[in-house]
Amino acid sequence: CIRDSLCSATPPSEVSVRDIAAEANVTPGLVHHYFDSKDALVGATLRQIAAEIDETASEAPQRAGDPDAMVRAAWRFMQQRPAFAFIVAWWLLEGRDVTEAMREHPFLRRLAETLPGTDEGGRATTAGVIVSLLIGGTVFRAGVNRALGRPLDDAALPEALETAVADLAGRG
């Protein structure tokens, strides 16, 4: 899986198109035929995962219009498949513009639309902070566990996220 190659123990910057092609059982030439560069491949991977998060967290009827439920669903998705968070973190640390790679993040847009308030810019900023918390929580979870000397309480995480979301959304 391309995501596995980009999120393995090897830093993504050291993963070559040849490594990715070998993982996918195709030739490097075929990868280059569809993607001009490794950056284009990473961008396509980010867009695919973002669409999967959106589908998981937004599309279910019981979650439509409920930002808390959407965030909890996105958190569970990221914990089961942390590739998105790690690729975004690597992309940003490399100094790249993740918005250019992703063009649009459907979950972020949909989350902003469900938040209360009339100020579109304020809702978009709040949604961005919430997604940053989700990504940061995924990327730094192991370090936080080590710092605490014990694993984070998985049962308490959704409630902690819900409280943070409520506070950010001005409802807490």
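For the structure, see preceding data.
None of these values were measured; they are calculated from a predicted model.

Asks: Can you help me understand the overall build of the chain in this one?
Replies: Across its full length, the chain carries eleven helices and zero strands. Looking at the chain as a whole, 40% of its 172 residues qualify as buried. Summarising the internal contacts of the chain: among those between residues at least 6 apart in sequence, 62% fall at separations of at least 24. Accessible surface computed for the chain: about 9400 Å², of which carbon and sulfur atoms make up 54%.

Asks: Explain the packing of helix H8 (residues 106–114) against helix H9 (residues 120–139) here, please?
Replies: Packed helix pairs are specified by the crossing angle of their axes together with the interaxial distance, meaning the distance between the axes. Running from N to C, H8 and H9 point in directions that differ by 130 degrees, and their axes come no closer than 8 Å. Viewed along their axes, H8 and H9 adopt a mutual orientation that is oblique. You can see that H8 and H9 cross each other, and the crossing is right-handed. Residues Phe107, Leu108, Leu111 and Ala112 of H8 lie in contact with H9, whose contacting residues are Arg123, Ala124, Ala127, Gly128, Ile130, Val131 and Leu134. A breakdown of the residues in the contact of H8 with H9 according to their chemical character gives nine nonpolar, one polar and one charged.

Asks: Any chance you could explain the nonpolar core here in plain terms?
Replies: One recurring pattern in soluble globular proteins: nonpolar side chains tend to sit buried together. Ile53, Phe84, Phe107 and Leu111 are the most contacted members of the largest nonpolar core, which totals 29 residues. The next biggest cluster of nonpolar side chains, apart from the first, holds six residues, and it includes Val15, Val17, Ile20 and Leu41.

Asks: For this particular structure, what's the right way to read the environment of lysine 38?
Replies: Structurally, the position occupied by lysine 38 is in helix H4 (residues 38–58). Counting along the chain gives 23 residues from lysine 38 to valine 15, while the straight-line C-alpha distance between them is 9.2 Å. Excluding its chain neighbours within four sequence positions, the residues that come into contact with lysine 38 are Pro12, Ser13, Glu14, Val15, Val17 and Trp90.

Asks: Looking at this structure, how should I read the pattern of salt bridges?
Replies: Two side chains bearing opposite charge may form a pair once their charged atoms approach each other closely. Tallied over the full model, the rule gives one salt bridge. Between arginine 109 and glutamate 113 there is a salt bridge; the shortest N-O distance is 3.5 Å. Residue arginine 109 and its partner glutamate 113 are both found in helix H8; the two are separated by four residues, about one turn of the helix. Accessibility expressed as a relative area gives 35% for arginine 109, which makes it partly exposed.

Asks: Could you clarify how one ought to interpret the side chain of threonine 138 in this entry?
Replies: When you line up the elements, threonine 138 lands in helix H9. At 2.9 Å, the side chain of threonine 138 and the backbone oxygen of leucine 134 are in polar contact.

Asks: What is the right way to look at unusual backbone geometry in this model?
Replies: Leaving glycine out, the prevailing phi sign among residues is negative, and the prevailing peptide bond configuration is trans. Positioned with a positive phi, asparagine 25 is a non-glycine residue whose angle comes to about 60 degrees. Take asparagine 25: it is sitting in the loop between helix H2 (17–24) and helix H3 (28–34).

Thresholds, definitions, all that
- Residues numbered from 1 in each chain as written.
- Predicted model: local features only at pLDDT ≥ 70, side-chain atom pairs only at ≥ 80, totals over all residues.
- Heavy atoms only, no water.
- Helix = DSSP H or I, 4+ residues; strand = E, 2+ residues; numbered from the N terminus.
- Buried < 20%, exposed > 50% of the residue type's maximum accessible area, 1.4 Å probe, protein only.
- Contact = heavy atoms within 4.5 Å.
- Areas by Shrake-Rupley, 256 points an atom, 1.4 Å probe, with all protein chains shown as cover.
- Axes fitted to C-alpha atoms, helices over the stretch in contact; angles between N-to-C directions.
- Parallel < 35°, antiparallel > 145°, perpendicular 65-115°, else oblique.
- Left-handed = near helix turned anticlockwise from the far one by under 90°.
- Nonpolar A, V, L, I, M, F, W, Y, C, P; charged D, E, K, R; others polar.
- Core = buried A, V, L, I, M, F, W, Y, C linked by side-chain atoms within 4.5 Å.
- Salt bridge = Lys/Arg side-chain N within 4 Å of Asp/Glu carboxyl O.
- Polar contact = N/O pair within 3.5 Å; in protein donor to acceptor, adjacent residues only side chain to side chain.

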